[in-house]
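Structural overview
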Amino acid sequence: MSSLLKTKLPRVGTTIFTAMSALAQTHGALNLSQGFPDFSPPLRLAEALGEHALRGHNQYAPMAGLPRLRETIARQLLLHRDVVVDPDTEVTVVPGATESIFCAITAVVRPGDEVIVLDPVYDSYEPAIELAGGRAVHVPLLTGSFGIDWELVSKAITPRTRLFMLNSPHNPCGSIVSNADLDVLASLAEQHGFLVCSDEVYEHLVYDGHKHCSVLAHPVLRSRSFAHFSFGKTLSVTGWKTGYCVAPPELTAELRKIHQYVTFVAVTPVQHALADFLDAEPEYPATLAADYQRRRDLFLSKLAGSRFSWKPTQGSYFQLLDYGQISDDSDTVLSERWTREVRVASVPVSVFYESPPKQSILRFCFAKSDEVLIEAAERLCAI
Ligand code: PMP
Ligand code: GLN
């Protein structure tokens, strides 16, 4: 039977996050798979959203985002990163970082271009690269530390390399880049003339005294990068799907050409509420790391009696657990089995690789209430 349409993404199915959340629901499992908090956002933020909807802020915002929110974002970047950006020409408010990453890739990549991605790689990048006619060139992160192997990266660069996908703090591994990493990237980018797409949605979730290193604070990368951020992570509102992209004017202009036809704008009352909240509590994002580090440490302390092993995650709200002492089965088999039988859902890490190495690692989201973390850890200890 002939089909109506030949797929453009033959290797793509339903995302692992959707699949595991659905499985968790079917089996009544504690859902530590898909990354989202199970607790409420700040009350005054939620109240502000209702107020703005009632006050009539319900029609299209300007395409690049409400000027007042872009100004708030510029103030936030100055406060938390010591970075100066022009809210008019360098900041674009978008309906989620997923959208701005898609727009940035679409703006840059032409048929035949190569884009370097680091495996394990966040799932939305490669489909966007392929739809643009490009090819993702997969470079594995170092085993164990999940740091960047710059030797391997250098070898993967060709005259066709157009873009480098950076993600720090990293999803799913939780590793973070240092300024020394950014220096190497900067010299490679300058030498070979490629651009950088930097996914920094977990920027405020960095632990144990480490600091987030943003491309925006790097003198060279600042001028050749798109940096993507998400209010979903910072303010515990993943369902509000609002983020922003910062890039130099020339790159921002190209991003906006695409953003205006992909979604045109982000949601208006949400933008007002975000601006109200961050203007009233500008320091709030800086309080997140301590709170999430406490959740991470609670989860890990309760796992002390288990047969899992781990290194405490450096950033993001994901903790990797190695089950090598428990089973030889694959992570995809085990994440499903333990969702059904232990009723704790996780995400297998192998699905984020082009060629998965031999390892036995599952990803657990600890953006959860204490009761859920304690109960999940008890169930995992019983395996
Ligand atoms: N990048 C990474 C690494 C993520 O984990 C996520 C979201 N979970 C996103 C991008 C997308 O963020 P948003 O929900 O704002 O689209
Ligand atoms: N980024 C989130 C995670 O890693 C999920 C977002 C999504 O479901 N697309 O779990």
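Attention in this report is confined to the structure presented alongside it.

Conventions used here
- Residues numbered from 1 in each chain as written.
- Chains lettered and ligands numbered in written order.
- Predicted model: local features only at pLDDT ≥ 70, side-chain atom pairs only at ≥ 80, totals over all residues.
- Heavy atoms only, no water.
- Pairing = 2+ DSSP bridges.
- Helix = DSSP H or I, 4+ residues; strand = E, 2+ residues; numbered from the N terminus.
- Axes fitted to C-alpha atoms, helices over the stretch in contact; angles between N-to-C directions.
- Contact = heavy atoms within 4.5 Å.
- Near = heavy atom within 4 Å.
- Polar contact = N/O pair within 3.5 Å; in protein donor to acceptor, adjacent residues only side chain to side chain.
- Nonpolar A, V, L, I, M, F, W, Y, C, P; charged D, E, K, R; others polar.
- Phe/Tyr/Trp six-rings, centres within 6.5 Å; stacked < 30°, edge-to-face > 60°.
- Buried < 20%, exposed > 50% of the residue type's maximum accessible area, 1.4 Å probe, protein only.
- Expected span 1.5 Å × (residues − 1).
- Areas by Shrake-Rupley, 256 points an atom, 1.4 Å probe, with all protein chains shown as cover.
- Parallel < 35°, antiparallel > 145°, perpendicular 65-115°, else oblique.
- Left-handed = near helix turned anticlockwise from the far one by under 90°.
- Core = buried A, V, L, I, M, F, W, Y, C linked by side-chain atoms within 4.5 Å.

With that settled, the discussion passes to the sheet that holds strand 3 (residues 114-119). Taken in spatial order, the seven strands line up as 2-8-7-6-5-3-4 in an open sheet, and their pairing is mixed. Two strands in the sheet have a free side with no partner beyond their single neighbour: strand 2 (91-94) and strand 4 (135-140). Within the sheet, the average angular offset between the axes of one strand and its neighbour, ignoring direction, is 20 degrees. In the sheet, strand 3 pairs with strand 4 via six bridges, with the strands oriented parallel. In the sheet register, Val115 faces strand 4, and the bridge partner there is Ala136. Strands in contact with helix 3 (residues 67-81) are strand 2 and strand 8 (243-246); relative to strand 2, the strand with the most contacts, it is inclined by about 115 degrees. Here helix 4 (residues 97-108) sits on the sheet and contacts strand 2, strand 5 (161-167), strand 6 (195-199), strand 7 (225-230) and strand 8; the angle it forms with strand 7, its principal contact strand, is near 165 degrees.

Taken together, Phe17, Gln34, Gly35, Tyr122, Asn171, Phe318 and Arg363 form the complete shell of residues around ligand 2. One nitrogen or oxygen atom from the main chain of Gly35 is found 2.6 Å from an oxygen atom belonging to ligand 2. In this structure, Asn171 approaches ligand 2 through a side-chain N or O atom, which is 2.8 Å from an oxygen atom. Its residues placed into classes, the shell around ligand 2 shows three nonpolar, three polar and one charged.

Right, let's talk about the packing of aromatic side chains for a bit. Applying the stated criterion across every chain yields a total of 19 aromatic pairs. With 6.2 Å between their ring centres and 50 degrees between their planes, Phe39 and Tyr292 make a pair best called tilted. Pair noted here: Phe39 is in the loop between strand 1 (30-31) and helix 2 (43-54) and Tyr292 is in helix 11 (residues 288-302), with a separation of 253 residues, a long-range link. A network of ring pairs unites the aromatic residues Phe39, Tyr202, Tyr292, Tyr317 and Phe318 as a single cluster.

Across the sheet, three strands lie side by side as 9-12-11; this open sheet has antiparallel pairing. The open sheet terminates on both sides in strands that have one partner only, identified here as strand 9 (318-322) and strand 11 (347-348).

Our next topic: the pairing of strand 5. Regular strands have side chains that alternate between both faces of the sheet. Across the seven residues that make up strand 5, a large majority, six, are buried. Strand direction decides the pairing type here: strand 3 and strand 5, joined by three bridges, are parallel. Bridge pairing links Val115 to Leu163 in strand 5. Strand direction decides the pairing type here: strand 5 and strand 6, joined by five bridges, are parallel. Counterpart to Leu166 in the pairing with strand 6 is Ser198.

Attention now goes to helix 7 (residues 179-192). Compared with an ideal rise of 1.5 Å per residue, which puts 14 residues at 20 Å, helix 7 spans 20 Å between its outermost C-alpha atoms and is within 8% of the ideal. Turning to helix 7, its buried residues number three or more, namely Asp181, Leu182, Leu185, Ala186, Leu188 and Ala189. Buried residues along helix 7 sit in contact with helix 6 (150-156), strand 5 and strand 6. Phi turns positive one or two residues past the end of helix 7, at Gly193, with a value near 70 degrees.

It is worth spelling out the site of ligand 1 at this point. Around ligand 1, the structure places Gly96, Ala97, Thr98, Tyr122, Asn167, Asn171, Asp199, Val201, Tyr202, Ser230, Lys233 and Lys241. Between ligand 1 and Ser230 there is a distance of 2.7 Å, counted from an oxygen atom to a side-chain nitrogen or oxygen. One of the side-chain N or O atoms of Lys233 is found 2.5 Å from a nitrogen atom in ligand 1. Burial of ligand 1 by the protein chains amounts to 92% of its free accessible area of 400 Å². Each residue belonging to the shell around ligand 1 can be placed in one class, and the counts come to four nonpolar, five polar and three charged.

Once that is clear, we can look at the packing of helix 4 against helix 9 (residues 249-262). One can describe the packing of helix 4 onto helix 9 by two numbers: an axis separation of 8 Å at closest approach and a directional angle of 125 degrees. Between helix 4 and helix 9, the crossing angle belongs to the class labelled oblique. Helix-helix and strand crossings are classified by hand; for helix 4 and helix 9 the assignment is right-handed. Taking contact as the criterion, the partners of Glu99, Ser100, Cys103, Ala104, Thr106 and Ala107 in helix 4 are, on helix 9, Glu254, Leu255, Ile258, His259 and Val262. Residue composition of the contact of helix 4 with helix 9, by class: six nonpolar, three polar and two charged.

With that settled, the discussion passes to the nonpolar core. General note: in soluble globular proteins, nonpolar side chains tend to be found buried as a group. In this structure, Phe164 and Phe299 are the most contacted members of the largest nonpolar core, which totals 116 residues. The residues contacting Phe164, other than those within four sequence positions of it, are Ile116, Leu118, Trp150, Val153, Leu185, Phe194, Leu195, Val196 and Cys197. Membership of the second largest hydrophobic core comes to six residues, among which are Phe17, Met20, Leu23 and Phe352.

Within the secondary structure, Leu166 is located in strand 5. Relative accessible area serves as the criterion here: at 3%, Leu166 is assigned to the buried category. When near neighbours in sequence (up to four residues on either side) are disregarded, Leu166 contacts Tyr125, Ile148, Val177, Leu182, Leu185, Val196, Cys197, Ser198, Asp199 and Val215.

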